[in-house]
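Observations on the model geometry
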Amino acid sequence: MHTDFSMHHFHTHWHRRVNLILYLNPGWQEEWGGAIELWERKDGKMERCAAKYPPLLNHALIFTTDERSLHGFPDPLTCPEGQSRKSLALYYYTLERGRKVKGHSTDYFARPRDGGEIGDDLAGQKAVDLYSRAKARFGFSDEFASKVLGFLSGKK
């Protein structure tokens, strides 16, 4: 589960506000999993799954993007070989003029039944934050970062 980054990586005055996810999965069976879960928080902790939507063809989900909008599909897919979960994600940004807004990177959270608490994987979250800041500072793409990480891991 996660909350999304709040500012555009290259246009630092663009504040991310809304996500739209369109599912592109003809013939998807709900028993294959892949449903996006939307979670509620109470006292800073994940409390319960408030809604669950399977990735059915031409279904769309629109939701606010902020530090409270916990979402994701945390369980492994069980679809047949050759089948995959496909979606198109679109983001809506507003322009922040004349005020300093501190952005945050994507933050990941364990569900209560997974035995974790918010912030358990602080090292992983710091790595994601560093990656996001490096993208914004140096202007490199995800493709470039993937190539560098592949090279460093010996996977070419």
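Residues numbered from 1 in each chain as written. Predicted model: local features only at pLDDT ≥ 70, side-chain atom pairs only at ≥ 80, totals over all residues. Heavy atoms only, no water.

A closer look at the sheet that holds strand β2 (residues 14-23)
An order of β5-β2-β7 is seen for the 3 strands of this open sheet, with the pairing classed as antiparallel. Two strands bound the open sheet, and with one partner strand each, they are β5 (60-64) and β7 (87-95). Here the strands of the sheet are splayed against their neighbours by 20° on average, with no regard to which way each runs. The sheet contact formed by β2 and β5 spans 5 bridges and is antiparallel. Looking at the pairing, N19 lines up with F63 of β5. (Pairing = 2+ DSSP bridges. Helix = DSSP H or I, 4+ residues; strand = E, 2+ residues; numbered from the N terminus. Axes fitted to C-alpha atoms, helices over the stretch in contact; angles between N-to-C directions.)

With respect to the confidence of the model for the protein chain
The predicted model of the protein chain has a mean per-residue pLDDT of 82, with 74% of residues at 70 or higher. Across the protein chain, element-level confidence peaks in β5 with a mean pLDDT of 95 and bottoms out in helix α1 (residues 122-138) with 59. (pLDDT = per-residue confidence, 0-100.)

A look at the nonpolar core
Counting residues in each nonpolar core, the largest one holds 7 residues, listed as I21, Y23, I36, L38, A51, L61 and F63. Listing elements by their share of this core, those giving two or more residues are β2, β3 (36-42) and β5. Excluding anything up to four places from it in sequence, L61 contacts N19, L20, I21, I36, L38 and Y53. Listed in part, the 5 residues of the second largest apolar core include M1, W39, M46 and F109. (Core = buried A, V, L, I, M, F, W, Y, C linked by side-chain atoms within 4.5 Å. Buried < 20%, exposed > 50% of the residue type's maximum accessible area, 1.4 Å probe, protein only. Contact = heavy atoms within 4.5 Å.)

What about the environment of E40?
As for its position among the elements, E40 is in strand β3. For E40, a relative accessible area of 33% gives the class partly exposed. Along the chain, E40 and R68 lie 28 residues apart, while their C-alpha atoms are 7.9 Å from each other. Setting aside residues no more than four positions away along its own chain, E40 makes contact with K45, M46, E47, R48 and A50.

Focus: a nonpolar patch on the surface
Together, L24, L88 and L90 make up an exposed nonpolar region whose accessible area comes to about 240 Å². Mapped onto the fold, L88 is located in strand β7. (Patch = residues over 30% accessible without salt bridge, like charges linked within 9 Å, V, L, I, M, F, W, Y side chains within 5 Å. Areas by Shrake-Rupley, 256 points an atom, 1.4 Å probe, with all protein chains shown as cover. Salt bridge = Lys/Arg side-chain N within 4 Å of Asp/Glu carboxyl O.)

Things to note about the pattern of salt bridges
Counting across every chain of the model gives 8 salt bridges. A salt bridge links R17 to E96; the shortest N-O distance between them is 2.6 Å. Here the residue R17 occupies a position in strand β2, and E96 occupies one in the loop between β7 and β8 (107-108), the gap between them amounting to 79 residues. Here R111 makes a salt bridge to D75, at a shortest N to O gap of 2.9 Å. In this pair, R111 sits in the loop between β8 and α1 while D75 sits in the loop between β6 (70-72) and β7, placing the two residues 36 residues apart along the sequence. Overall, the relative accessible area of 33% leaves D75 in the partly exposed class. The structure contains a network of salt bridges with shared partners spanning E37, K52, D75, R111 and R113.

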